[in-house]
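# Descriptive analysis of the structure
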Amino acid sequence: MRGISIQAIYVLWLRELKTFFRARSRIIGNVAQPFFFLAVLGVGFRSSMRFTIPEMEGLDYLQFLIPGLVGMTLLFSSMFAGLSVLWDRQFGFLREIMVAPVSRLSLVLGRIAGGMTTTILQALSILLVAHLFGFRLKGPLEFLLSVILMIIIGVGFVGMGVAFASKMEDMHGFQIVMNFIIMPIFFLSGALFPLQGLPSWLGFLTYINPLTYGVDALRGIMLDVSHFPLIVDFAVLISFSLSMLIIGAYLFSRCEV
Amino acid sequence: MQAIEINNLTREFNGLKAVDDISFFVKEGEIFGMLGPNGAGKTTTIRILSTTLRATRGEAKVWGYDVSRKPDDVRRTIGIVFQDQALDDRLTAEENLDFHARLYGMKKSLRKERIKQVLNLVELWDKRNTLVKYYSGGMCRRLEIARGLMHYPRVLFLDEPTLGLDAQTRHRIWEHIKLLNKREKIAILLTTHYMDEADTLCDRVGIIDKGKMLIIDKPQNLKNRVGKDIISMRVSSSKKMVKLVSNFEWISSVRIYNELLYLVVTRADKRIPFLVTLAQENALKVHRIDLRRPTLEDVFLHFTGRTIREEEGSSRQRISAKIRSWRRK
Ligand SMILES: Nc1ncnc2c1ncn2[C@@H]1O[C@H](COP(=O)(O)OP(=O)(O)O)[C@@H](O)[C@H]1O
Ligand SMILES: [Mg+2]
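These lines cover the structure that appears in this document, whether it is placed above or below. Quick caveat, the model's predicted, so the values are computed rather than measured.

In this section: the overall build of chain A. Helices and strands together make up the secondary structure of chain A, namely 10 helices and 0 strands. When the helices and strands of chain A are listed from N to C terminus, the series reads α-α-α-α-α-α-α-α-α-α. Across the 257 residues in chain A, those meeting the buried criterion constitute 58%. Nonlocal contacts in chain A, meaning residues at least 24 apart in sequence, comprise 79% of its contacts between residues at least 6 apart. Just so you have it, chain A exposes about 10900 Å², and 70% of that area is on carbon and sulfur atoms. Taking the average place of the 17 positive charges on the side chains of chain A and the average place of its 13 negative ones, the gap between the two points comes to 10 Å.

What follows concerns the pairing of strand S4 (residues 57-62) of chain B. Residue and element names in this part refer to chain B. Sheet topology note: the strand S1 (residues 4-13)/S4 ladder contains 5 bridges and is antiparallel. Across the sheet, Thr-10 pairs through a bridge with Arg-57, a residue of S4. Of the pairings in the sheet, the one linking S4 to strand S5 (residues 65-66) comprises 2 bridges and is antiparallel in character. Bridged to Val-62 within S5 is Tyr-65. The hairpin formed by S4 and S5 contains 2 residues between the paired strands, and Trp-63 there has a positive phi angle of roughly 55°.

For the structure on display, the rule yields 25 salt bridges over all chains. Glu184(B) is paired through a salt bridge with Arg114(B); the nearest N and O atoms lie 2.8 Å apart. Of this pair, Glu184(B) sits in the loop between helix H6 (167-183) and strand S8 (187-192) while Arg114(B) is found in helix H4 (residues 108-121), placing the two residues 70 residues apart along the sequence. For Arg114(B), a relative accessible area of 1% gives the class buried. Here Arg141(B) makes a salt bridge to Glu144(B), at a shortest N to O gap of 2.7 Å. Here the residue Arg141(B) and the residue Glu144(B) both occupy positions in helix H5 (residues 137-149), the gap between them amounting to 3 residues, near one helical turn. Residues participating in the shared-partner salt-bridge network are Arg15(A), Asp88(A), Arg111(A), Asp88(B) and Arg90(B).

It is worth spelling out the site of ligand 1 at this point. Residue and element names in this part refer to chain B. Lining the immediate surroundings of ligand 1 are Phe-13, Leu-16, Ala-18, Pro-37, Asn-38, Gly-39, Ala-40, Gly-41, Lys-42, Thr-43 and Thr-44. Side-chain polar atom of Thr-43 to an oxygen atom of ligand 1: 2.7 Å apart, as the coordinates give it. Burial of ligand 1 by the surrounding chains reaches 64%, relative to a free accessible area of 560 Å². Top element by residues in the shell around ligand 1 is helix H1 (residues 42-49). It accounts for 3 residues. Here the shell around ligand 1 is built from residues that sort into 5 nonpolar, 5 polar and 1 charged.

Let us look at the sheet that holds strand S3 (residues 31-35) of chain B. All names here are of chain B. Taken in spatial order, the 6 strands line up as S6-S7-S8-S3-S9-S10 in an open sheet, and their pairing is mixed. At either end of the open sheet lies a strand with only one pairing partner, and these are strand S6 (78-81) and strand S10 (212-217). Adjacent strand axes in the sheet meet at a mean angle of 15° when their direction is disregarded. Across 4 bridges, the pairing between S3 and strand S9 (residues 204-209) is parallel. If you follow Leu-35 over to S9, its bridge partner there is Ile-207. The strands touched by H6 are S3, strand S7 (155-159) and S8; relative to S8, the strand with the most contacts, the crossing angle is about 160°.

Chain B puts 35 residues into the contact, and the matching count from chain A is 29 residues. Applying the counting rule to chain B against chain A returns 4 salt bridges. For Arg15(A), the salt bridge identified is with Asp88(B), shortest N-O distance 2.6 Å. Contributing elements (two or more residues each) for the side of chain B that touches chain A: helix H2 (71-77), helix H3 (93-103) and helix H12 (315-328) of chain B.

Now for the sheet that holds strand S11 (residues 229-235) of chain B. Pairing between sheet strands relies on hydrogen bonds along the backbone, with the strands arranged either parallel or antiparallel. Residues and elements named next belong to chain B. Spatially, 4 strands are ordered S12-S13-S11-S14 in an open sheet, and the strand pairing comes out antiparallel. Among the strands making up the open sheet, the edge pair consists of strand S12 (251-257) and strand S14 (286-292). Neighbouring strand axes in the sheet, compared pairwise and without regard to direction, differ in orientation by 20° on average. Of the pairings in the sheet, the one linking S12 to strand S13 (residues 260-265) comprises 6 bridges and is antiparallel in character. The residue of S13 that forms the bridge with Arg-255 is Tyr-262. Packed onto the sheet, helix H9 (residues 238-245) meets S11, S12 and S13 and runs at close to 170° relative to S12.

So, on to helix H3 (residues 61-90) of chain A. Residues and elements named next belong to chain A. Taking 1.5 Å as the rise per residue, H3 with 30 residues should run 44 Å; its terminal C-alpha atoms sit 42 Å apart, in good agreement. A maximum bend of about 35° is found in H3 at Gly-82. Of all 30 residues making up H3, 27 are buried, and the element is well covered by its neighbours. Backbone geometry just downstream of H3 places Gly-92 in the positive-phi region, at approximately 80°.

Moving on, we come to empty space enclosed by the protein. All told, the structure shown has 6 cavities of 30 Å³ or more when counted by the stated rule. Roughly 110 Å³ of volume is contained in the largest cavity. Considering the residues around the largest cavity, the lining is formed by 16 residues, among which Met56(A), Leu195(A), Asp216(A), Arg219(A) and His227(A) are closest to the centre. Among the elements that take part in the lining of the largest cavity, helix H9 (residues 210-223) of chain A stands out by supplying 4 residues, more than any other. When grouped by side-chain class, the residues that make up the lining of the largest cavity number 7 nonpolar, 6 polar and 3 charged. Considered as a void within the structure, the second largest cavity measures approximately 60 Å³ in volume. At the level of secondary structure, the elements contributing two or more residues to the lining of the second largest cavity comprise helix H1 (6-22) of chain A together with H3 of chain B. For the lining of the second largest cavity, the element with the highest residue contribution is H1(A), accounting for 4 residues.

For the structure on display, the rule yields 20 aromatic pairs over all chains. Grouped by ring-pair contacts, the aromatic residues Phe37(A), Phe76(A), Phe80(A), Trp87(A), Phe174(A), Phe186(A) and Phe187(A) constitute a single cluster. Over the ring of Tyr194(B) we find Arg170(B); its NZ or CZ atom is 3.9 Å from the centre of that ring. The ring of Phe25(B) carries Arg204(B) above its face, with NZ or CZ at 4.6 Å from the centroid.

What counts, and where the lines are drawn
Per chain, the residues get numbers from 1 upward, laid out in the order the sequence is written. Both sets of labels track the order of writing: A upward for chains, 1 upward for ligands. pLDDT decides what is reported in this predicted model: residues at 70 or higher carry local features, side-chain atom pairs at 80 or more are listed and counted, and totals for whole chains, interfaces and linings draw on all residues regardless. Neither water nor hydrogens contribute to the side-chain values; these are computed over all heavy atoms in the structure. Helix numbers and strand numbers start at the N terminus; a helix is a DSSP run of H or I with at least 4 residues, a strand a run of E with at least 2. Only protein chains enter the accessibility calculation, which uses a 1.4 Å probe; a residue is then buried when its area is under 20% of its type maximum, exposed when over 50%, and partly exposed in between. Contacts are assigned to residue pairs that have any heavy atoms within 4.5 Å of one another. What sets the accessible areas is the Shrake-Rupley method with a 1.4 Å probe; for residues, cover comes only from the shown protein chains. In this tally, Lys and Arg are treated as positive and Asp and Glu as negative; His is ignored, and so are the chain termini. In plain terms, the charge of a residue is placed at NZ if it is Lys, CZ if Arg, CG if Asp and CD if Glu. Pairing between two strands is assigned when DSSP locates at least 2 bridges connecting them. One side-chain nitrogen of Lys or Arg within 4 Å of one carboxyl oxygen of Asp or Glu is enough to make a salt bridge. Any residue with at least one heavy atom within 4 Å of a molecule or strand is counted as near it. Think of a polar contact as two N or O atoms within 3.5 Å of one another; within protein, one of them needs to be a possible hydrogen donor and the other a possible acceptor, and neighboring residues in sequence only count if both atoms come from side chains. Ten residues, namely Ala, Val, Leu, Ile, Met, Phe, Trp, Tyr, Cys and Pro, are considered nonpolar, four, namely Asp, Glu, Lys and Arg, are considered charged, and the remaining ones, Gly among them, are considered polar. For helices, the fitted line uses only the C-alpha atoms of the stretch in contact; every axis is such a line through C-alpha atoms, and the angle between N-to-C directions lies from 0 to 180 degrees. Every helix has an expected span of 1.5 Å times one less than the residues it contains. Across the chain, bend at a residue is computed as the angle between axes fitted to the seven residues ending at that point and the seven starting from it. A cavity here means a set of 1 Å grid points, computed over protein atoms only, where a 1.4 Å probe fits but cannot escape. A pocket is an open set with protein on both sides within 12 Å along at least 5 of 7 lines, and lining residues have an atom within 4 Å of a point. Grid points are joined across faces, edges and corners, and a volume is the space filled by probe spheres set on the points. The rule is short: rings of Phe, Tyr and Trp, with Trp giving its six-membered ring, pair when the centres are within 6.5 Å, and they are stacked under 30 degrees, edge-to-face over 60, tilted in between. By definition, being over a ring means that NZ of Lys or CZ of Arg is both within 6 Å of the ring centre and within 35 degrees of the ring normal.

These figures capture arrangement, not role.
Next up, the structure:
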């Protein structure tokens, strides 16, 4: 059961995609949420908010918000995809997967590949919605860089979801992760507000939050404004993703069904 | 070589011996049943044999492969139907099988052919494109059995294959199990707490209770061990009849209960005509005479001193059922 089975990864990926497109309510929910944020927060604050920070002068709040909401979608849908191990456990299907003559590493990689794909599809649909609000990327290079960034962020949070799900016995854990992990990561990421001039305690919490660097890099690529140099963002995100991949795979390989 | 061979297998959970020094074997092509109440250690044994749980002590081999040293070979060799449902109900029956086949590395042409074969075997071919969430409990079970057979396993584990199903569905599943055992020439280890299931399906039965395997034999031999047949008769005077039969050495006990006379005898089939004649010769009227052969229920009682309790599924199953119905909404 060592080694990687491409066919196993492929079939897990395929299952994730099939079930994703069949769960209409989930897709609608995941896209509707950022849409409302965009419509209410973005449009609501747009007229009254002016950035006083010099490098952001003249930036529209709606524009500022869009990369944050892409980050939000990446966070929520990839964590959900990782945590879906819990559903499989609850419905018994995890046993079917775990008893197959396939390495646990292949199983984790398959799940991450599937979760990352559906996550990116949802993030792209946010960009499509943003398009309706007049948001434009500069060119194909920016688009490509954004997608690469989405992959890195997606992998990290799917891995994190798998890691949590491997340590939890039932579905009750889901609410806990939702309230005590996902929500704080979202609100403390700078998705909704700029990082400049935060009080030090808040600044500290945002600095240890991986999504902060994800949102910052997205802003850097999409809007040309970033708090950290892009190279720092990428370095942090790549290390975060790799560690989550390793931790997720390790914990999953040791979990009992 | 045996299909399964277990020697002094023990598994402890925090000091509790869920499986306690069990040894048995299953022959090629045989249907072997583990019969025991809830918590006896049946599922734990299957989990060790399917390499998803380590044994604390002892040795287990499946198709010659040691479960702890050659788990990969064991996994390729076995098919398994878990106690709790393990289907993805958002996929169709065919997709569930296709998923399984790919996970087991089957080639496309073989996959297609085999899916048709196993679905026909359990009579679900017509329903192959239906989402599993619209399947009944019995259909799900049959689909799981079909899936267990997909990759041509040599040994099939069935953990409580008819738990919670109605009588008609159970009989249908028994027919499928008999058929596949014959057609696929596959060894089957099944667990159950239903006496009738063990009796109709199994070539040999092992009675397991509190982690210990108490006895293993053919169902008929087990019943013969408990021994004797029981004749119950209603005659015009039970007391007179008792006197008449008191001297025969083939009667081991006589009891009157509810006006009925119970005789524990050997070879009851031969004794009935004799008893009827005897009564008539002594001017007693025989209103009714009945013969009961021992069942596995009696066997279980004999070896454990208890009757087997039939509890409604595990709590985990109830929770799953609840969530499943919730997700369907
Ligand atoms: N993972 C576990 N942790 C602790 N105890 C367990 C675990 N699995 C089973 N047991 C215990 O082991 C015993 C045997 O369980 P099991 O093999 O499921 O019985 P059966 O399948 O015959 O109903 C029970 O007392 C059960 O509570
Ligand atoms: Mg059990």
